[in-house]
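# A closer look at the structure
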Protein chains: 2
Amino acid sequence: MKVISDIQQMQAWSKEIHRRRKTIGFVPTMGYLHEGHLSLMRRARKENDELVISIFVNPTQFGPGEDFKRYPRNFSRDKELSKSCGVDVIFYPRARDMYPQGYKTCVDVEDLSNVLCGASRPGHFRGVSTVVLKLFNIVQPDAAYFGRKDAQQAIVVEKMVKDLNLALRIKTLPTIREKEGLALSSRNTYLNKQQRENAVILYKSLQTAVGMIQSGHKDPRKIIAQMRKMIKSRRGARIDYIRIVDIRSLTEVKRIKGRLLIAVAVFFGKTRLIDNAIIRA
Amino acid sequence: MKVISDIQQMQAWSKEIHRRRKTIGFVPTMGYLHEGHLSLMRRARKENDELVISIFVNPTQFGPGEDFKRYPRNFSRDKELSKSCGVDVIFYPRARDMYPQGYKTCVDVEDLSNVLCGASRPGHFRGVSTVVLKLFNIVQPDAAYFGRKDAQQAIVVEKMVKDLNLALRIKTLPTIREKEGLALSSRNTYLNKQQRENAVILYKSLQTAVGMIQSGHKDPRKIIAQMRKMIKSRRGARIDYIRIVDIRSLTEVKRIKGRLLIAVAVFFGKTRLIDNAIIRA
C-alpha cells in the first residue's frame, strides 16, 4: 500500500492504471475511519482492479465555529485499517496544496445545496462538491463510493457528476449502525456515555416514521410531530431539523407519496448528529 | 473526419484514444469558424496525435437581450474548414443534452469573473467556465487551445483548470487580425462597411497605449484618456469599458508596472466588440 501526498504524483499513478485498462474504485474520506468507511472500501475492493481512498479533512466544508480544528484524526490507525481492506493507495494531500494562495474556484449544485443540512450549514455543500470534484480530477476513479448516512451529500455529488458529465459512477451504500441503531460517524467520538445512549433516538424516531408511513399515514406533519415528540423526550437533545422531502428535489412534501427521504439533524451538546431513512410510499 | 453529437459516444472515443497512449488536442468553439479558430486548430494539429474541436453555441453564456438567437451559424462551411485543418472529430452536441431538464450545476471562478466583460455581462463567465468544464470532461483533452482575443476567458479557464486540478494544459495563442488590425471575431459579420472601418480604432487605440507605455508613461488614467479620445472620435462608437489591469488578478493598476492587460469593449450599433493588448512594463 502506497501513501501519496503529491497531487501530480497521484494523477500520474491513475493515468498509468487507466492506460493498462484497469479500473479504479475510490472512497473519499475525512479519515478517522470506522466500519461505515470500511464497508465502502470492501465493496470498492470487490468491484475494481485498484482501490484508492483519500484522507483529507477539508477545511472549506466547515463553517465558522464548526469543528474543523477538533475533528478527530488518527492517520496511523487509518493506515492499518486501510491495509486490512486491501487499499492500494491512500491519497493524503496537504491543505496548502489543495487550496494554494489565490485559490478562487467553486462548484455549486443549486437548489439541492441550500436545504436540510445546507440550510443549517451555509456553504457546506459548496465546499463538499468543490473538494469532491477536485479529488475526482486527481484520482480519476471509475466508481466512487459514498455512505447513505450522508444522504444529501451523496445526492448533491451524484447530481454534480451527472451535470458536469464526469465519466464515473457514484455508488451509495447503506448506513452502518451500532447494535442499538446509532449511525456510525467519526463525530460519535465527541459523545459522552449518556449522550450516546440518548442519540439512539434518531434511529428510533426514523423507524417510527417508516412504520407510520407503512401503516398508511399520509400527513407528513403528523409524522414529524411524532418524531419531534420522541426526540425531545431525550435529555439534552436539541433538534436542528426534521424533514420529509422528495428524494430527487429535496423539497418538502405536503402528502406522503413517491420516493421520500426522511432526514433528521439533532444536537447533543455541541455535537450535531444526522441520520435518515429512505422509503417509497 | 467524424461528427459526434452523442456525449457518451464522444467520451468513449476519447477514452479509447488515451488507452492507446495517444494525446488529444482540443479547440472549443461556437462555430462560424474564422482564421482565428483555424490558427488554433493548426497549432493543436501539430502538437497532438488527435484533434477534436467542438461547435456549440452555449446558451448559458449569453445574457437576456444578447445575441444568442442571431449568433451566426454555418455548420456545413465549418465542416469543410475543419476537414482542411486535419480535424479528427467535431463534437457537435445538442443544447438539450448539455443542459437536460433539471440541470443545476455551475462553476464560478471568483473575482476574475465579475470584472471587465464580466461586469458588463453578468453570469457570462459562469456560463463559460461551466460549459468549458463540461466539454473538458467529455472530450478529455491533453491540451486545449484558446485565442488571446478573448483574454479574460482564457485567464478564467486557465485559473479554473489549475484550481480544479484538471490534467490538461491550456494554450493561449495570439489574436489573428485583418490587414488593417481589426481582430477576427464571428461577430464582425454583424458590422456594416462603415462600422467595420471604424472598428479598427480598437486596435489603433491599443497600439497607441502600448506606445505610450513603451515611451515611459506611468499614469494609466492618461493612457486611458487618450484611448477614449481616439475611440470617441469614430462615428457610432459607444465605449463599454477601457481598462488597464494586472494580468493575474485583473484588478486595475494605479501605476504602469508589471505584466498588464489593456482591454477594451466598444459597441458599434448593437454589436459589442472586444480587443486587448498584453505588455510587460
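Residues numbered from 1 in each chain as written. Chains lettered and ligands numbered in written order. Predicted model: local features only at pLDDT ≥ 70, side-chain atom pairs only at ≥ 80, totals over all residues. Heavy atoms only, no water.

So, on to the interface of chain A and chain B. If you look at the interface, chain A gives 33 residues, while chain B gives 33 residues. When chain A packs against chain B, close to 2,800 Å² is buried across both sides, 46% of that on carbon and sulfur atoms. For chain A, the biggest contributors to the area lost against chain B are A:Arg21, A:Lys104 and A:Asn165; these three give 24% of the whole. Linking chain A to chain B there are eight salt bridges. Across the pair A:Glu16 and B:Arg21 runs a salt bridge whose closest N-O atoms are separated by 2.9 Å. Between the two partners, chain A and chain B, sit 22 residue pairs in polar contact (both at pLDDT 80 or more). Partitioning the side of chain A that touches chain B into residue classes produces 12 nonpolar, eight polar and 13 charged. Where strand S5 (residues 105-109) of chain A meets strand S5 (residues 105-109) of chain B, five bridges bridge the pair, whose relative direction is antiparallel. Each bridged residue has a counterpart across the sheet, and for A:Asp108 the counterpart in S5(B) is B:Cys106. (Contact = heavy atoms within 4.5 Å. Buried area = accessible area lost by both parts, 1.4 Å probe. Salt bridge = Lys/Arg side-chain N within 4 Å of Asp/Glu carboxyl O. Polar contact = N/O pair within 3.5 Å; in protein donor to acceptor, adjacent residues only side chain to side chain. Nonpolar A, V, L, I, M, F, W, Y, C, P; charged D, E, K, R; others polar. Pairing = 2+ DSSP bridges. Helix = DSSP H or I, 4+ residues; strand = E, 2+ residues; numbered from the N terminus.)

What characterises a pair of aromatic rings is the spacing of the ring centres plus the angle enclosed by the ring planes. Here the structure, examined in full by the defined rule, presents 12 aromatic pairs over all chains. Measuring from ring centre to ring centre gives 5.9 Å for A:Phe62 and A:Tyr71, while their planes differ by 75°; the resulting arrangement is edge-to-face. Given a relative accessible area of 11%, A:Phe62 falls into the buried group. The interplanar angle of 75° and the centroid separation of 6.2 Å between the aromatic rings of B:Phe26 and B:Phe136 together place this pair among those described as edge-to-face. One end of the pair, B:Phe26, is in strand S2 (residues 24-29); the other, B:Phe136, is in helix H6 (residues 124-139), with 110 residues separating them in the sequence. For B:Phe26, a relative accessible area of 0% gives the class buried. An aromatic cluster of at least three residues, connected via ring pairs, comprises A:Phe56, A:Tyr99 and A:Tyr103. Taking the ring centre of A:Tyr190 as reference, the NZ or CZ of A:Arg70 above it sits at 4.0 Å. One Lys or Arg, A:Lys134, reaches over the ring of A:Tyr99 and ends 5.5 Å from the middle of that ring. (Phe/Tyr/Trp six-rings, centres within 6.5 Å; stacked < 30°, edge-to-face > 60°. Buried < 20%, exposed > 50% of the residue type's maximum accessible area, 1.4 Å probe, protein only. Lys NZ or Arg CZ within 6 Å of the ring centre and 35° of its normal.)

In short, shape yes, function no, at least from these values alone.
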